[in-house]
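# Geometric and topological summary
These are the residues of each chain, in order.
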Amino acid sequence: MAVEEVPPGHRAGFVTVIGRPNVGKSTLVNAYVGQKVAIVSPKPQTTRGRLLGILTRNDAQVIFVDTPGIHTPKHKLGEVMVETARRTIPDADVVLFMVDVSVPPTEEDTQIAELLKTEPHGPVILALNKSDLLPPAHVVPHTESYLALVQPAAWMLVSATRGDNRDKLLDLIIAHLPEGPRYYPPDEITDQQERDIAAELIREQALAFLRDEVPHAIAVQIEEFQERSANLAYISATIYVEKESQKAIVIGKDGEMLRKIGARARQEIEALLGRRVYLELWVKVRKNWRKREADVRRFGYVVPER
Ligand SMILES: Nc1nc2c(ncn2[C@@H]2O[C@H](COP(=O)(O)OP(=O)(O)OP(=O)(O)O)[C@@H](O)[C@H]2O)c(=O)[nH]1
Ligand SMILES: [Mg+2]
(Lines give C-alpha, C1' and ligand atoms only; values in the text may rest on other atoms or scores of the structure.)
(Ligands and ions follow the chains in the order given, each with its own letter.)
Protein backbone atom coordinates (compact mmCIF):
# COMPACT_ATOMS: atom_id res chain seq x y z
CA MET A 1 0.00 0.00 0.00
CA ALA A 2 1.38 3.39 -0.96
CA VAL A 3 1.96 5.71 1.95
CA GLU A 4 -0.59 8.50 1.69
CA GLU A 5 0.46 12.13 1.82
CA VAL A 6 -0.38 13.70 5.13
CA PRO A 7 0.38 17.22 6.35
CA PRO A 8 3.32 17.80 8.72
CA GLY A 9 2.41 17.16 12.36
CA HIS A 10 -0.20 14.52 11.39
CA ARG A 11 -1.07 12.23 14.32
CA ALA A 12 -2.34 8.66 14.22
CA GLY A 13 -2.90 5.81 16.60
CA PHE A 14 -5.05 3.26 18.37
CA VAL A 15 -7.37 4.35 21.20
CA THR A 16 -8.85 1.49 23.19
CA VAL A 17 -12.17 2.35 24.79
CA ILE A 18 -12.55 0.36 28.00
CA GLY A 19 -15.04 0.47 30.83
CA ARG A 20 -17.70 -1.55 32.58
CA PRO A 21 -20.77 -2.62 30.56
CA ASN A 22 -23.36 -0.02 29.53
CA VAL A 23 -21.37 3.18 30.19
CA GLY A 24 -21.64 4.31 26.54
CA LYS A 25 -18.42 3.12 24.86
CA SER A 26 -20.04 2.04 21.59
CA THR A 27 -22.27 5.13 21.53
CA LEU A 28 -19.21 7.37 21.66
CA VAL A 29 -17.32 5.41 18.99
CA ASN A 30 -20.33 5.59 16.63
CA ALA A 31 -20.64 9.33 17.25
CA TYR A 32 -16.99 9.92 16.33
CA VAL A 33 -17.12 7.72 13.23
CA GLY A 34 -20.44 9.25 12.16
CA GLN A 35 -21.98 5.84 11.41
CA LYS A 36 -23.17 2.84 13.37
CA VAL A 37 -20.14 0.54 13.40
CA ALA A 38 -21.05 -0.90 16.82
CA ILE A 39 -24.49 -1.87 18.06
CA VAL A 40 -25.87 -0.12 21.13
CA SER A 41 -28.54 -1.05 23.67
CA PRO A 42 -29.80 -0.05 27.11
CA LYS A 43 -28.82 -3.53 28.33
CA PRO A 44 -25.32 -4.32 29.68
CA GLN A 45 -22.94 -6.62 27.78
CA THR A 46 -24.05 -5.54 24.34
CA THR A 47 -20.64 -5.52 22.65
CA ARG A 48 -19.08 -8.99 22.53
CA GLY A 49 -15.93 -8.53 20.48
CA ARG A 50 -13.22 -6.06 19.63
CA LEU A 51 -14.07 -3.82 16.70
CA LEU A 52 -12.57 -0.77 15.08
CA GLY A 53 -14.19 2.58 14.42
CA ILE A 54 -11.88 4.72 12.30
CA LEU A 55 -12.04 8.51 12.23
CA THR A 56 -9.97 10.19 9.52
CA ARG A 57 -9.39 13.93 9.40
CA ASN A 58 -6.84 15.98 7.54
CA ASP A 59 -4.62 16.31 10.60
CA ALA A 60 -5.21 12.98 12.33
CA GLN A 61 -6.44 9.41 12.09
CA VAL A 62 -7.93 8.04 15.30
CA ILE A 63 -8.53 4.30 15.36
CA PHE A 64 -11.02 3.64 18.16
CA VAL A 65 -10.97 0.08 19.49
CA ASP A 66 -14.42 -0.62 20.94
CA THR A 67 -14.37 -3.43 23.49
CA PRO A 68 -16.79 -5.54 25.53
CA GLY A 69 -17.64 -4.12 28.96
CA ILE A 70 -15.33 -5.50 31.65
CA HIS A 71 -17.27 -7.49 34.28
CA THR A 72 -17.04 -10.65 36.37
CA PRO A 73 -17.78 -13.38 33.84
CA LYS A 74 -20.38 -16.08 34.49
CA HIS A 75 -19.70 -18.29 31.45
CA LYS A 76 -17.17 -19.00 28.70
CA LEU A 77 -18.56 -16.25 26.46
CA GLY A 78 -18.08 -13.73 29.29
CA GLU A 79 -14.52 -14.91 29.85
CA VAL A 80 -13.69 -14.44 26.17
CA MET A 81 -15.30 -10.98 26.20
CA VAL A 82 -13.35 -9.76 29.22
CA GLU A 83 -10.08 -11.24 27.98
CA THR A 84 -10.68 -9.61 24.58
CA ALA A 85 -11.04 -6.21 26.26
CA ARG A 86 -8.01 -6.72 28.51
CA ARG A 87 -5.76 -7.67 25.58
CA THR A 88 -6.37 -4.36 23.83
CA ILE A 89 -4.77 -2.36 26.65
CA PRO A 90 -1.02 -2.95 26.07
CA ASP A 91 -1.35 -2.39 22.29
CA ALA A 92 -3.10 0.97 22.51
CA ASP A 93 -1.47 4.37 22.10
CA VAL A 94 -4.12 5.84 24.38
CA VAL A 95 -6.48 4.16 26.86
CA LEU A 96 -9.86 5.88 27.01
CA PHE A 97 -11.33 4.70 30.31
CA MET A 98 -15.04 5.45 30.24
CA VAL A 99 -17.27 5.61 33.31
CA ASP A 100 -20.87 6.59 34.03
CA VAL A 101 -20.42 9.77 36.06
CA SER A 102 -24.13 10.01 36.89
CA VAL A 103 -23.52 7.30 39.51
CA PRO A 104 -20.58 6.79 41.89
CA PRO A 105 -17.87 4.24 40.99
CA THR A 106 -18.93 0.59 41.20
CA GLU A 107 -16.97 -2.54 42.08
CA GLU A 108 -16.36 -3.08 38.34
CA ASP A 109 -14.83 0.39 37.94
CA THR A 110 -12.47 -0.42 40.78
CA GLN A 111 -11.55 -3.73 39.11
CA ILE A 112 -10.70 -1.91 35.88
CA ALA A 113 -8.55 0.60 37.77
CA GLU A 114 -6.73 -2.39 39.35
CA LEU A 115 -6.29 -3.97 35.92
CA LEU A 116 -4.62 -0.78 34.69
CA LYS A 117 -2.06 -1.14 37.47
CA THR A 118 -0.95 -4.55 36.15
CA GLU A 119 -1.19 -4.11 32.36
CA PRO A 120 1.44 -1.99 30.66
CA HIS A 121 -0.27 0.90 28.91
CA GLY A 122 -0.01 4.32 27.33
CA PRO A 123 -1.59 7.49 28.70
CA VAL A 124 -5.06 7.09 30.25
CA ILE A 125 -7.79 9.61 29.47
CA LEU A 126 -10.80 9.37 31.75
CA ALA A 127 -14.12 10.01 30.01
CA LEU A 128 -16.81 10.82 32.58
CA ASN A 129 -19.80 10.00 30.39
CA LYS A 130 -23.55 10.56 30.81
CA SER A 131 -22.89 14.02 32.23
CA ASP A 132 -26.37 14.93 30.98
CA LEU A 133 -27.80 12.72 33.74
CA LEU A 134 -25.53 14.11 36.46
CA PRO A 135 -27.34 16.12 39.13
CA PRO A 136 -25.41 19.40 39.79
CA ALA A 137 -24.91 18.51 43.46
CA HIS A 138 -23.05 15.34 42.44
CA VAL A 139 -20.68 16.86 39.88
CA VAL A 140 -17.83 17.45 42.32
CA PRO A 141 -18.14 14.34 44.57
CA HIS A 142 -18.56 11.90 41.66
CA THR A 143 -15.75 13.45 39.65
CA GLU A 144 -13.45 13.32 42.65
CA SER A 145 -14.28 9.67 43.37
CA TYR A 146 -13.41 8.65 39.82
CA LEU A 147 -10.22 10.71 39.81
CA ALA A 148 -9.18 8.99 43.04
CA LEU A 149 -9.57 5.58 41.33
CA VAL A 150 -7.26 6.26 38.43
CA GLN A 151 -4.76 9.05 37.99
CA PRO A 152 -5.41 9.95 34.35
CA ALA A 153 -3.20 12.02 32.06
CA ALA A 154 -6.37 14.02 31.32
CA TRP A 155 -10.11 13.82 31.95
CA MET A 156 -13.34 15.26 30.59
CA LEU A 157 -17.00 15.35 31.53
CA VAL A 158 -18.86 14.34 28.38
CA SER A 159 -22.22 13.26 27.01
CA ALA A 160 -21.88 10.79 24.16
CA THR A 161 -25.57 11.05 23.27
CA ARG A 162 -26.11 14.82 23.65
CA GLY A 163 -22.68 15.75 22.33
CA ASP A 164 -21.53 17.97 25.22
CA ASN A 165 -17.71 18.18 25.21
CA ARG A 166 -17.42 15.48 22.55
CA ASP A 167 -15.21 17.68 20.36
CA LYS A 168 -13.09 18.75 23.31
CA LEU A 169 -12.55 15.14 24.33
CA LEU A 170 -11.50 14.32 20.77
CA ASP A 171 -8.95 17.16 20.77
CA LEU A 172 -7.58 15.78 24.04
CA ILE A 173 -7.30 12.27 22.59
CA ILE A 174 -5.54 13.49 19.44
CA ALA A 175 -3.10 15.58 21.50
CA HIS A 176 -1.99 12.31 23.19
CA LEU A 177 -1.43 10.37 19.94
CA PRO A 178 2.03 10.04 18.38
CA GLU A 179 2.90 11.80 15.15
CA GLY A 180 2.86 9.55 12.12
CA PRO A 181 1.12 8.60 8.88
CA ARG A 182 -2.32 6.98 8.55
CA TYR A 183 -2.79 3.26 9.21
CA TYR A 184 -5.93 2.90 7.07
CA PRO A 185 -7.19 4.45 3.81
CA PRO A 186 -9.24 7.59 4.57
CA ASP A 187 -12.57 6.05 3.48
CA GLU A 188 -12.30 3.00 5.75
CA ILE A 189 -14.48 3.24 8.87
CA THR A 190 -14.29 -0.25 10.40
CA ASP A 191 -12.54 -3.61 10.16
CA GLN A 192 -15.81 -5.56 10.02
CA GLN A 193 -17.32 -7.16 6.92
CA GLU A 194 -20.85 -6.17 5.84
CA ARG A 195 -22.15 -9.63 6.81
CA ASP A 196 -20.71 -9.32 10.33
CA ILE A 197 -22.41 -5.96 10.84
CA ALA A 198 -25.65 -7.39 9.45
CA ALA A 199 -25.53 -10.18 12.07
CA GLU A 200 -24.91 -7.58 14.77
CA LEU A 201 -27.83 -5.42 13.58
CA ILE A 202 -30.12 -8.44 13.96
CA ARG A 203 -28.77 -9.03 17.47
CA GLU A 204 -29.30 -5.34 18.25
CA GLN A 205 -33.02 -5.68 17.50
CA ALA A 206 -33.20 -8.83 19.63
CA LEU A 207 -31.68 -6.77 22.46
CA ALA A 208 -34.22 -4.01 21.83
CA PHE A 209 -37.34 -6.21 21.79
CA LEU A 210 -36.57 -9.07 24.18
CA ARG A 211 -36.32 -9.00 27.96
CA ASP A 212 -34.38 -10.53 30.82
CA GLU A 213 -31.88 -13.24 29.91
CA VAL A 214 -33.27 -14.02 26.43
CA PRO A 215 -31.37 -11.39 24.40
CA HIS A 216 -28.12 -12.33 26.15
CA ALA A 217 -28.60 -15.98 25.16
CA ILE A 218 -28.69 -15.06 21.46
CA ALA A 219 -26.08 -15.55 18.78
CA VAL A 220 -26.73 -14.69 15.14
CA GLN A 221 -25.21 -16.46 12.18
CA ILE A 222 -25.54 -15.33 8.59
CA GLU A 223 -26.23 -18.39 6.44
CA GLU A 224 -26.48 -16.71 3.04
CA PHE A 225 -25.63 -13.24 1.78
CA GLN A 226 -26.34 -12.86 -1.94
CA GLU A 227 -26.59 -9.95 -4.31
CA ARG A 228 -29.84 -10.70 -6.13
CA SER A 229 -29.55 -7.59 -8.32
CA ALA A 230 -27.86 -4.19 -8.29
CA ASN A 231 -30.23 -2.94 -5.62
CA LEU A 232 -31.39 -6.07 -3.78
CA ALA A 233 -29.51 -8.30 -1.34
CA TYR A 234 -30.86 -11.59 -0.02
CA ILE A 235 -29.82 -12.45 3.53
CA SER A 236 -30.72 -15.55 5.47
CA ALA A 237 -29.73 -15.72 9.13
CA THR A 238 -30.21 -18.03 12.10
CA ILE A 239 -30.88 -16.75 15.59
CA TYR A 240 -29.51 -19.26 18.09
CA VAL A 241 -30.85 -19.45 21.65
CA GLU A 242 -30.00 -21.73 24.56
CA LYS A 243 -33.39 -23.31 25.38
CA GLU A 244 -36.65 -24.35 23.75
CA SER A 245 -38.51 -21.87 25.98
CA GLN A 246 -36.35 -19.04 24.61
CA LYS A 247 -37.03 -20.17 21.05
CA ALA A 248 -40.77 -19.82 21.71
CA ILE A 249 -40.24 -16.30 23.08
CA VAL A 250 -38.12 -15.19 20.12
CA ILE A 251 -40.70 -16.49 17.65
CA GLY A 252 -43.60 -15.09 19.67
CA LYS A 253 -47.32 -15.69 19.31
CA ASP A 254 -48.02 -16.51 15.64
CA GLY A 255 -44.44 -15.45 14.82
CA GLU A 256 -45.13 -11.85 15.78
CA MET A 257 -41.90 -11.23 17.73
CA LEU A 258 -39.68 -12.65 15.01
CA ARG A 259 -41.47 -10.51 12.43
CA LYS A 260 -40.88 -7.37 14.53
CA ILE A 261 -37.18 -8.13 15.01
CA GLY A 262 -36.85 -8.94 11.30
CA ALA A 263 -38.65 -5.81 10.08
CA ARG A 264 -36.51 -3.44 12.15
CA ALA A 265 -33.28 -5.30 11.43
CA ARG A 266 -34.06 -5.21 7.71
CA GLN A 267 -34.44 -1.41 7.84
CA GLU A 268 -31.12 -1.07 9.65
CA ILE A 269 -29.32 -3.39 7.21
CA GLU A 270 -30.80 -1.50 4.26
CA ALA A 271 -29.44 1.75 5.70
CA LEU A 272 -26.02 0.12 6.08
CA LEU A 273 -25.88 -1.39 2.59
CA GLY A 274 -27.69 1.42 0.78
CA ARG A 275 -29.89 -1.09 -1.07
CA ARG A 276 -33.05 -3.14 -0.57
CA VAL A 277 -32.77 -6.26 1.55
CA TYR A 278 -34.82 -9.44 1.63
CA LEU A 279 -34.21 -10.86 5.10
CA GLU A 280 -35.14 -14.37 6.16
CA LEU A 281 -34.75 -15.35 9.84
CA TRP A 282 -34.68 -18.78 11.46
CA VAL A 283 -34.53 -19.69 15.15
CA LYS A 284 -32.62 -22.69 16.50
CA VAL A 285 -31.61 -24.03 19.90
CA ARG A 286 -27.98 -24.68 20.76
CA LYS A 287 -28.15 -25.85 24.34
CA ASN A 288 -26.14 -23.74 26.83
CA TRP A 289 -23.86 -22.55 24.02
CA ARG A 290 -22.40 -19.71 26.12
CA LYS A 291 -20.89 -22.24 28.52
CA ARG A 292 -19.29 -24.41 25.81
CA GLU A 293 -15.94 -23.34 24.50
CA ALA A 294 -16.41 -24.99 21.09
CA ASP A 295 -19.77 -23.26 20.53
CA VAL A 296 -18.50 -19.88 21.71
CA ARG A 297 -15.67 -20.22 19.19
CA ARG A 298 -17.99 -21.50 16.46
CA PHE A 299 -20.09 -18.34 16.78
CA GLY A 300 -16.95 -16.30 16.20
CA TYR A 301 -16.17 -15.22 19.76
CA VAL A 302 -12.42 -15.67 20.04
CA VAL A 303 -9.79 -13.60 21.78
CA PRO A 304 -7.98 -11.82 18.92
CA GLU A 305 -4.32 -12.63 18.34
CA ARG A 306 -1.86 -9.92 19.14
N1 LIG B 1 -28.20 9.70 29.04
C2 LIG B 1 -27.16 9.19 28.37
N3 LIG B 1 -27.22 7.92 27.91
C4 LIG B 1 -26.15 7.45 27.24
C5 LIG B 1 -24.99 8.22 27.00
N6 LIG B 1 -24.10 7.47 26.32
C7 LIG B 1 -24.69 6.27 26.14
N8 LIG B 1 -25.93 6.25 26.67
C9 LIG B 1 -26.88 5.13 26.68
O10 LIG B 1 -26.34 4.09 27.48
C11 LIG B 1 -26.75 2.81 26.97
C12 LIG B 1 -25.53 1.93 26.74
O13 LIG B 1 -24.79 2.45 25.66
P14 LIG B 1 -23.70 1.56 24.90
O15 LIG B 1 -22.98 2.47 23.97
O16 LIG B 1 -24.34 0.33 24.33
O17 LIG B 1 -22.76 1.16 26.12
P18 LIG B 1 -21.42 0.25 26.10
O19 LIG B 1 -20.50 0.85 27.09
O20 LIG B 1 -20.93 0.09 24.72
O21 LIG B 1 -22.00 -1.13 26.67
P22 LIG B 1 -21.40 -2.63 26.49
O23 LIG B 1 -21.22 -2.88 25.03
O24 LIG B 1 -22.48 -3.48 27.08
O25 LIG B 1 -20.14 -2.70 27.27
C26 LIG B 1 -27.55 3.09 25.72
O27 LIG B 1 -28.91 3.07 26.05
C28 LIG B 1 -27.11 4.50 25.32
O29 LIG B 1 -28.08 5.21 24.60
C30 LIG B 1 -24.96 9.57 27.50
O31 LIG B 1 -24.01 10.33 27.35
N32 LIG B 1 -26.07 9.98 28.18
MG1 LIG C 1 -20.65 -1.58 23.55
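The numbering scheme is per chain: residues are counted from 1 as the chain's sequence reads. Whichever chain is written first is A, and whichever ligand is written first is 1; the rest continue in order. Thresholds applied to this predicted model are a pLDDT of at least 70 for local features of residues and 80 or more for the giving and counting of side-chain atom pairs; totals over whole chains, interfaces and linings are not thresholded and use all residues. Water and hydrogen atoms play no part in the side-chain values, which are based on all heavy atoms of the structure.

## Description of the layout of surface pockets
Threshold: Computed over the protein atoms alone on a 1 Å grid, cavities are sets of points where a 1.4 Å probe fits but cannot get out and pockets are open sets with protein on both sides within 12 Å along at least five of seven lines; a residue lines them when it has an atom within 4 Å of a point. Grid points are joined across faces, edges and corners, and a volume is the space filled by probe spheres set on the points. For this scheme, ten residues count as nonpolar: Ala, Val, Leu, Ile, Met, Phe, Trp, Tyr, Cys and Pro. Four count as charged, namely Asp, Glu, Lys and Arg, and the remainder, Gly too, count as polar. An automatic or database domain assignment supplies the start and end points of every domain.
In this structure, the largest pocket spans a volume of roughly 650 Å³. Broken down by class, the residue content of the lining of the largest pocket amounts to 10 nonpolar, six polar and eight charged. Both domains that furnish three or more residues to the lining of the largest pocket are identified here as domain 1 (11-175) and domain 2 (194-298). Of the pockets and cavities examined, the second largest pocket occupies roughly 300 Å³. The wall of the second largest pocket is formed by 24 residues, among which Asn22, Val23, Gly24, Thr27 and Ser41 lie closest to the centre. In terms of residue class, the lining of the second largest pocket is built from eight nonpolar, 12 polar and four charged.

## Looking at the side chain of Arg20
To keep things clear, this is the line we draw: Only runs of H or I of at least four residues qualify as helices and only runs of E of at least two qualify as strands under DSSP, and these elements are numbered from the N terminus. Categorising residues by exposure relies on relative accessible area from a 1.4 Å probe, with only protein chains included: less than 20% of the type maximum marks a residue as buried, more than 50% marks it as exposed, and the intermediate range marks it as partly exposed. Polar contacts, as used here, are pairs of N or O atoms within 3.5 Å; protein pairs need one atom able to donate a hydrogen and one able to accept it. Residues neighboring in sequence count only if both atoms are side-chain atoms. Contacts are assigned to residue pairs that have any heavy atoms within 4.5 Å of one another.
Relative to the assigned elements, Arg20 resides in the loop between strand E1 (11-18) and helix H1 (25-33). When its relative accessible area of 11% is taken as the criterion, Arg20 is described as buried. Within the structure, the side chain of Arg20 is placed 3.4 Å from the side chain of Thr106, a separation counted as a polar contact. In terms of polar contacts, Arg20 uses its side chain to reach the side chain of Asp109, at 3.2 Å. Not counting residues within four places of it along the chain, the set of residues in contact with Arg20 comprises Lys25, Gly69, Ile70, Met98, Asp100, Val103, Thr106, Glu108, Asp109 and Ile112.

## Some thoughts on helix H8 (residues 256-273)
For clarity, the threshold we go by: Between the first and last residue of a helix there are one fewer steps than residues, each counted as 1.5 Å, and that sum is the expected span.
Between its terminal C-alpha atoms H8 stretches 26 Å, which fits the 26 Å expected from 18 residues at 1.5 Å a residue. Taken as a whole, H8 has its buried residues at Met257, Leu258, Ile261, Gly262, Ala265, Ile269, Glu270 and Leu273. Elements that come into contact with the buried residues of H8 comprise helix H6 (194-209), strand E7 (219-229), strand E8 (232-241), helix H7 (244-251) and strand E9 (276-285). Immediately downstream of H8, the backbone of Gly274 shows phi near 70 degrees, a positive value.

## Quick notes on the site of ligand 1
Test applied: We call a residue near a molecule or strand as soon as one heavy atom of that residue lies within 4 Å of the molecule or strand. Reported accessibility uses the Shrake-Rupley method at a 1.4 Å probe radius. Residues are deemed covered only where the shown protein chains occlude them. More than half of a molecule's atoms lying within 2 Å of a cavity's or pocket's grid points is what places that molecule inside it.
In the neighbourhood of ligand 1, 22 residues make up the surrounding shell, with Lys25, Thr27, Gln45, Thr46 and Asp132 lying closest. Take Ser41: an N or O atom from its main chain is 3.4 Å from an oxygen atom of ligand 1. In isolation ligand 1 offers 660 Å² of accessible surface; the protein chains occlude 89% of this area. Spatially, ligand 1 is embedded in the second largest pocket. Looking at the shell around ligand 1, the element that brings in the most residues is H1, giving three residues. A breakdown of the residues in the shell around ligand 1 according to their chemical character gives seven nonpolar, 12 polar and three charged.

## Describing the sheet that holds E8
Keep this limit in mind: One requirement defines pairing of two strands: DSSP has to find at least two bridges between them. Whenever a helix is involved, its axis is fitted only over the stretch in contact; in every case the axis is a line through C-alpha atoms, and angles between N-to-C directions fall within 0 to 180 degrees.
Sheet architecture is open: three strands sit in the order E7-E8-E9, paired in mixed fashion. Of all the strands in the sheet, just E7 and E9 have a single pairing partner and so form its edges. The average undirected angle you get between the axes of adjacent strands in this sheet is 15 degrees. Two elements, E7 and E8, share nine bridges in a ladder whose sense is antiparallel. Looking at the pairing, Gln226 lines up with Tyr234 of E8. Relative to E9, H7 is tilted by about 155 degrees, and along the sheet it contacts E8 and E9. Taken strand by strand, H8 contacts E7, E8 and E9, and its axis lies near 135 degrees from that of E9.

## Describing the packing of H6 against H8
As a reminder, the rule being used: Throughout, the term roughly parallel applies to angles under 35 degrees, roughly antiparallel to angles over 145, roughly perpendicular to angles from 65 to 115, and oblique to all others. Here is the rule for handedness: rotate from the far helix to the near one, and if that takes an anticlockwise turn smaller than a right angle the crossing is left-handed, while a clockwise turn gives right-handed.
For the pair H6 and H8, interaxial distance at closest approach is 9 Å and the crossing angle is 140 degrees. It follows from the interaxial angle that H6 and H8 lie oblique. Read as a crossing pair, H6 and H8 show a hand that is right-handed. In contact with Glu194, Ile197, Ala198, Leu201, Ile202, Glu204, Gln205, Ala206 and Phe209 of H6, H8 contributes Met257, Lys260, Ile261, Arg264, Ala265, Glu268, Ile269, Leu272 and Leu273.

## What about the domain arrangement of the chain?
Accessible area lost during the coming together of the parts is what is often quoted as the interface size. Heads up, the condition is: Note on definitions: buried area is the accessible-area loss of two parts on being combined, 1.4 Å probe, summed for both. Put simply, a salt bridge is a Lys or Arg side-chain nitrogen that is within 4 Å of an Asp or Glu carboxyl oxygen.
Taken domain by domain, the chain holds domain 1 (11-175) and domain 2 (194-298). Taken together, the contact pairs 13 residues of domain 1 with 18 residues of domain 2. Both sides together, the interface formed by domain 1 and domain 2 hides about 1400 Å², and carbon and sulfur atoms give 56% of it. When the area that domain 1 buries against domain 2 is broken down by residue, the three leading residues are Ile39, Lys43 and Arg48, summing to 40%. Applying the counting criterion to the domain 1 and domain 2 interface returns two salt bridges. Note that Glu204 is salt-bridged to Lys36, the shortest N-O span being 2.6 Å.

## Looking at the coordination of the magnesium ion (ligand 2)
Threshold: Donor selection uses N, O and S atoms within 2.8 Å of the metal (3.2 Å for Na, K and Ca). Since no water is included, sites may look incomplete.
Protein coordination of the magnesium ion (ligand 2) is provided by Ser26 (OG) and Thr47 (OG1), with donor distances spanning 2.0 to 2.1 Å. Placement of the pair is Ser26 in helix H1 and Thr47 in the loop between H1 and strand E2 (51-56), with a sequence separation of 21 residues.

## Quick notes on the packing of aromatic side chains
Heads up, the rule is: Pairing of aromatic side chains requires ring centres within 6.5 Å, counting the rings of Phe and Tyr and the six-membered ring of Trp. Pairs whose planes differ by under 30 degrees are stacked, by over 60 edge-to-face, and all others tilted. In this scheme, Lys NZ or Arg CZ marks a charge over a ring once it lies within 6 Å of the ring centre and within 35 degrees of the ring normal.
Per the stated rule, a full pass over the model turns up six aromatic pairs. Measuring from centroid to centroid gives 4.9 Å for Tyr240 and Phe299, while their planes differ by 45 degrees, and the two rings are tilted. Here Phe299 lies in the segment after helix H9 (293-298) and Tyr240 lies in strand E8, a separation of 59 residues in the sequence. Accessibility expressed as a relative area gives 6% for Tyr240, which makes it buried. The ring of Tyr234 is capped by Arg228, whose NZ or CZ atom sits 4.3 Å from the centre of that ring.

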